[in-house]
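Residues per chain, in single letters:
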Amino acid sequence: MSSQPSIPTPATPEYFDYTRAAREAGISDADLRSLIRIFEGDYPDDLMLRELHVLRACNAVARGMVTIREVLNPPNSQAA
């Protein structure tokens, strides 16, 4: 995984309004930035797909399917 995506994530979403979804889900700005970094690592060359996954994660938190803590700290990512 590279440290910076080849296509940077703009401050204002280009394809999907995930910032509104994050606010509705009660996700803090800091947690949203962490969420974006996760998907920057997964999709460094595809901004649209990255934004879609951020939006879907925010919507899942809003629906109560998962907490933001569970998204940011999944059980299988524990340090050895």
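A. Spatial organisation of helix H3 (residues 47-62). Relative to the 22 Å expected for 16 residues at 1.5 Å per residue, H3 spans 22 Å between its end C-alpha atoms, a close match to the ideal helical length. Looking only at H3, the buried set comprises Leu 47, Arg 50, Glu 51, Val 54, Leu 55, Ala 57, Cys 58, Ala 60 and Val 61. Elements in contact with the buried residues of H3: helix H1 (18-25), helix H2 (29-42) and helix H4 (68-72). At the N-terminal boundary of H3, the capping side chain belongs to Asp 46, with an oxygen 3.3 Å from the backbone nitrogen of Met 48. Gly 64 sits one or two positions beyond H3 and adopts a positive phi of about 80°.

B. How the structure looks around the environment of Asp 17. As for its position among the elements, Asp 17 is in the segment before H1. Remark: the alpha-carbon pair of Asp 17 and Glu 51, spanning 34 residues in sequence, is separated by 8.3 Å. Side chain to side chain, Asp 17 and Thr 19 meet in a polar contact 2.8 Å long. A distance of 3.3 Å separates the side chain of Asp 17 from the backbone nitrogen of Arg 20, its partner in a polar contact.

C. Region of interest: the confidence of the model for the chain. Scored by pLDDT, the chain has a mean of 91; 90% of the residues are at 70 or more. Taken element by element, the chain is modelled with least confidence in H4, mean pLDDT 95, and with most confidence in H3, mean pLDDT 97.

D. Region of the structure containing the nonpolar core. Counting residues in each nonpolar core, the largest one holds 16 residues, and the members touching the most others are Tyr 18, Ile 27, Leu 32, Leu 35, Val 54, Cys 58 and Ile 68. Contributing elements (two or more residues each) for this core: H1, H2, H3 and H4. Take this core: its biggest share by element is five residues, from H3. When near neighbours in sequence (up to four residues on either side) are disregarded, Val 54 contacts Tyr 18, Leu 32, Leu 35, Ile 36 and Phe 39.

What counts and how
- Residues numbered from 1 in each chain as written.
- Predicted model: local features only at pLDDT ≥ 70, side-chain atom pairs only at ≥ 80, totals over all residues.
- Heavy atoms only, no water.
- Helix = DSSP H or I, 4+ residues; strand = E, 2+ residues; numbered from the N terminus.
- Expected span 1.5 Å × (residues − 1).
- Buried < 20%, exposed > 50% of the residue type's maximum accessible area, 1.4 Å probe, protein only.
- Contact = heavy atoms within 4.5 Å.
- Polar contact = N/O pair within 3.5 Å; in protein donor to acceptor, adjacent residues only side chain to side chain.
- pLDDT = per-residue confidence, 0-100.
- Core = buried A, V, L, I, M, F, W, Y, C linked by side-chain atoms within 4.5 Å.

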